[in-house]
Amino acid sequence: MSNKIKVSPSILASNFSMLGEEVEHISKAGADYIHVDVMDGHFVPNLTIGPDVVKSIRDKTAVPFDVHLMIDPIEPYIDGFVKAGADIISIHPEANDDTEKCLNKIKSHNVKAGLAINPDTDWEVVKPYMNVLDLILVMSVHPGFGGQKFISSAIDKLKSLRKEIDHSGREIELEVDGGINFENIQSVIDAGANVIVAGTTTFKGGQSEYRNNIEKLRGH
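Calculation rules
- Residues numbered from 1 in each chain as written.
- Predicted model: local features only at pLDDT ≥ 70, side-chain atom pairs only at ≥ 80, totals over all residues.
- Heavy atoms only, no water.
- Phe/Tyr/Trp six-rings, centres within 6.5 Å; stacked < 30°, edge-to-face > 60°.
- Buried < 20%, exposed > 50% of the residue type's maximum accessible area, 1.4 Å probe, protein only.
- Lys NZ or Arg CZ within 6 Å of the ring centre and 35° of its normal.
- Salt bridge = Lys/Arg side-chain N within 4 Å of Asp/Glu carboxyl O.
- Helix = DSSP H or I, 4+ residues; strand = E, 2+ residues; numbered from the N terminus.
- Pairing = 2+ DSSP bridges.
- Axes fitted to C-alpha atoms, helices over the stretch in contact; angles between N-to-C directions.
- Arc of directions from axis to C-beta.
- Contact = heavy atoms within 4.5 Å.

(A) Expanded view of the packing of aromatic side chains. In this structure the tally under the stated criterion is 1 aromatic pair. A ring pair is formed by Phe203 and Tyr210, whose centres lie 5.2 Å apart and whose planes are at 80 degrees; its orientation type is edge-to-face. Summarising the burial analysis for this pair, Phe203 and Tyr210 share the class buried. Note that Arg58 overlies the ring of Phe65, its terminal NZ or CZ placed 3.7 Å from the centroid. Over the aromatic face of Phe182 sits the side chain of Lys216, whose NZ or CZ is 4.1 Å from the ring centroid.

Spelled out as structure tokens, the structure:
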């Protein structure tokens, strides 16, 4: 596992009236991934974007799209997000779909498969899927809305998952999402996270600050 900390800015916090331009700017500022939060108003109490929007911004950047599906059902929508240009698709085991079937479907498209776990979900839920996962996403807020406060119990979860990943010997990225800022970033990196999702913190201060914000999140 590379020691490089990757930053995945969440476009949920960008200016949606100029989304394409925002994606271009955040890419030039050094984003490693573009984090796309997909919410269905059913699995989580909010509605965001679908495959058509993802497709419309795909040609704005070569940076991989890190797509987080907060939806239920999952399976009918996988193909659409693959076609739209997703490079990583993370799903929730708390949804009612067959998790293993969905992960295998994602992998069958040569797209990386991730498992996202909510704050109240035990980290051990990942164990049956370790042989297929490319990424584990720890939610450090309850999914549904941006700008929430970091839930500190995520730290212990990250530490346990880091041990589990190291023990597996596989190259699985450990991502954290929710309430990440310059004050708590070091604690999540120390706990073993190597991919940082940050919306509000990355987009703070406008386009002239994006590069500086990303570098600060990396610990530079």
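Structure shown, so let's carry the discussion forward.
(B) The pattern of salt bridges, seen in detail. Counting across every chain of the model gives 10 salt bridges. Where Asp32 meets Lys4, a salt bridge forms, and the shortest distance between an N and an O atom there is 2.3 Å. Taken as a pair, Asp32 in the loop between α1 (19–28) and β2 (34–39) and Lys4 in the segment before β1 (6–9) lie far apart in primary sequence, 28 residues in all. Judged by its relative accessible area of 40%, Lys4 falls in the partly exposed class. Between Asp134 and Lys107 there is a salt bridge, with its nearest N and O atoms 2.9 Å apart.

(C) Summary view of the sheet that holds strand β7 (residues 173–177). Reading across the sheet, the 8 strands line up as β1-β8-β7-β6-β5-β4-β3-β2 and stay open at both edges, with parallel pairing between neighbours. The open sheet has two free edges, formed respectively by β1 and β2, since each of these has just one partner strand. Between one strand axis and the next, the sheet turns through 25 degrees on average, direction left out of account. As paired strands, strand β5 (residues 112–117) and strand β6 (residues 135–139) are joined by 4 bridges and run parallel to one another. By the bridge assignment, Ile117 is partnered in β6 with Val138.

(D) Spatial organisation of α1. Looking at α1, one finds that the buried residues are Leu19, Gly20, Glu22, Val23, Ile26 and Ser27. Buried residues along α1 cover an arc of 160 degrees about the axis, so they all sit on one side. The inward-facing, buried residues of α1 contact β1, β2, α2 (51–57), α7 (200–203) and α8 (210–217). Downstream of α1 by a residue or two, Gly30 has a phi angle that is positive, lying close to 110 degrees.

(E) Here's a closer look at helix α3 (residues 75–84). Along α3, the residues that are buried comprise Ile78, Phe81, Val82 and Ala84. Down the axis of α3, the buried side of the element spans an arc of 155 degrees, and every buried residue falls inside it. Exposed residues pointing more than 90 degrees away from the buried face of α3 are listed as Pro76 and Lys83. One or two residues past the end of α3 sits Gly85, with phi positive at roughly 115 degrees.

In short, the description is geometric, and any link to function would need to be established separately.
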